[in-house]
Amino acid sequence: MTFSPTIPLFFCTLTALAQTEIPLYPGPPPNAKPGVSITEKRDVDPKSGILRISNVQTPTLTVFKPANPNGTAVVVCPGGGYYILAAGHEGTDVAKALNEFGVTAFVLKYRLPTSGVFENDEIGPLQDAQQALRVVRQRAKEFGVNPDRVGILGFSAGGHLASTAATHFATPVGTSDPTNVRPDFAVLIYPVISFLPPIAHTGSANGLLGKDASEEKKRLYSNELQVTEQTPPVFLVHAADDGGVPFENSLEFAKACRAKKVPVELHVYPGGGHGFGLVNKTTPDRWMDRLRNWMVSMGWAK
């Protein structure tokens, strides 16, 4: 565990060349409930100022290309408890910051199990995350990325989705497409990891599995229990005073990675609470700088 010292602020100049939204699937999305039609909703929370997207029926990827691409790609999964997507400070803003050091970012607008659009709720978000990884690899030449350097990044419940993608890739859900869906690395920011007490995030568990989920299902999606030697390298950030998702979620995942000899780096800030996005206002330290350093050390950035 690393407790990050104070360093100068990193100022993002937001020099993304282009942003293009593309459909996640070439036709109607799989696992869609017949006869269901909903209208996507976008609003801004009046208290937090957070952009919220809900009622997603048509999942997409928004491509953010950097001025000087280095070949690394990251699929970004906003959080929101599997009820909404916090698409600004945990999506667009992060993509632009990744562009600053050459990473091509893909913000995933994934379908939500609480919106009633799935035939099978529990596999729906993972299905979209795996398809995002598939699309980036299949169109790697078009996007100017290396198909062997495709990572996934998620916040909160989006962190649960990203950690699920990093641990449940052996048997892709809902398709026979042979394209590799194992991310080459995972970046988990104040992630939901466990659905088991005492550190479970009940809201995300209920959102994905429903209130009456079995113990077996909760264990299956408690990703600290799903780490293997094949889990990709992991970078984690959490605040010790997180009142929404206990920081032990990140700690337990890091411990599981160490037990399986998976490279892992964990940064725990004393303060910051939950949902701070790019900027933890309790410290001048910037976790995005820490991420860049880690990616340089792993050979995914310069």
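These figures come from a predicted structure and were not determined experimentally.

S.K.: Which residues make up the overall build of the protein chain, and what are the values?
M.R.: Scanning the protein chain from terminus to terminus reveals eight helices and 11 strands. Expected size for 302 residues packed as a compact globule is a radius of gyration near 19 Å; at 18 Å, the protein chain falls within 12% of this value. For the protein chain, buried positions account for 56% of its 302 residues. Once local pairs closer than 6 in sequence are excluded, the contacts in the protein chain between residues at least 24 apart make up 79%. Approximately 12,500 Å² of the protein chain is accessible, and the part contributed by carbon and sulfur atoms is 53%. Averaging the positions of the 28 positive and the 27 negative side-chain charges in the protein chain gives two centres separated by 4 Å.

S.K.: So what about the packing of aromatic side chains? Which residues, and what values?
M.R.: A full pass over the atoms with the stated rule returns eight aromatic pairs. Their ring planes at 25° and their centres at 4.5 Å tell us that Phe185 and Trp300 sit as a pair that is stacked. Here Phe185 is found in the loop between α4 (156-165) and β9 (186-189), whereas its partner Trp300 is found in the segment after α8 (287-298), with 115 residues between them in sequence. Judged by relative accessible area, Trp300 falls into the buried class, the value being 9%. Grouped by ring-pair contacts, the aromatic residues Phe155, Tyr190, Phe276 and Trp287 constitute a single cluster.

S.K.: Report on the pairing of strand β3 (residues 51-54), specifying residues and quantitative values.
M.R.: When strand β2 (residues 41-44) meets β3, the two strands line up antiparallel, connected through four bridges. Pairing of Val44 across the sheet is with Leu51, part of β3. Between β2 and β3, which pair antiparallel in sequence order, lie six residues; one of them, Gly49, sits at a positive phi of approximately 75°. With two bridges joining them, β3 and strand β6 (residues 85-86) adopt antiparallel strand pairing. From the neighbouring strand, Arg52 faces β6, where its bridge partner is Ala86.

S.K.: Describe helix α7 (residues 248-259), listing the residues and the values that go with them.
M.R.: Owing to its 3.6 residues per turn, the α-helix aligns residues three or four sequence positions apart on the same side. Between its first and last C-alpha atoms α7 spans 16 Å; for 12 residues at 1.5 Å apiece the expected length is 16 Å, and the two agree. Considered for burial, the residues of α7 that qualify are Asn249, Ser250, Phe253, Ala254, Ala256 and Cys257. Burial along α7 is one-sided: seen end-on, the buried residues are contained in an arc of 160°. Exposed side chains of α7 directed beyond 90 degrees from the buried face belong to Arg258 and Ala259. Where α7 is buried, its residues meet α4, β9, β10 (234-239) and β11 (264-269). Among the residues trailing α7, Lys261 stands out with phi positive, at a value near 60°.

S.K.: How would you explain the nonpolar core if you had to name every residue and give the values?
M.R.: In this structure, Leu61, Val75 and Leu108 are the most contacted members of the largest nonpolar core, which totals 57 residues. Here the element with the most residues in this core is helix α2 (residues 124-138); it accounts for six residues. Ranked by size, the runner-up nonpolar core spans 30 residues in total, among them Ala95, Leu98, Phe101 and Phe276.

S.K.: Could you give an account of the environment of Thr114, with specific residues and numbers?
M.R.: Mapped onto the elements, Thr114 comes out in the loop between β7 (104-109) and α2. The spatial distance from the C-alpha of Thr114 to the C-alpha of Asn206 is 9.1 Å, given a sequence separation of 92 residues. Those residues in contact with Thr114 that lie beyond four places of it in its chain are Tyr82, Tyr83 and Gly207. A polar contact of 2.7 Å, which involves the side chain of Thr114, links it to the backbone oxygen of Tyr82.

Calculation rules
Residues numbered from 1 in each chain as written. Predicted model: local features only at pLDDT ≥ 70, side-chain atom pairs only at ≥ 80, totals over all residues. Heavy atoms only, no water. Helix = DSSP H or I, 4+ residues; strand = E, 2+ residues; numbered from the N terminus. Rg over C-alpha atoms; globule rule 2.2 N^0.38 Å. Buried < 20%, exposed > 50% of the residue type's maximum accessible area, 1.4 Å probe, protein only. Contact = heavy atoms within 4.5 Å. Areas by Shrake-Rupley, 256 points an atom, 1.4 Å probe, with all protein chains shown as cover. Lys, Arg positive; Asp, Glu negative; His and termini not counted. Charge placed at Lys NZ, Arg CZ, Asp CG, Glu CD. Phe/Tyr/Trp six-rings, centres within 6.5 Å; stacked < 30°, edge-to-face > 60°. Pairing = 2+ DSSP bridges. Expected span 1.5 Å × (residues − 1). Arc of directions from axis to C-beta. Core = buried A, V, L, I, M, F, W, Y, C linked by side-chain atoms within 4.5 Å. Polar contact = N/O pair within 3.5 Å; in protein donor to acceptor, adjacent residues only side chain to side chain.

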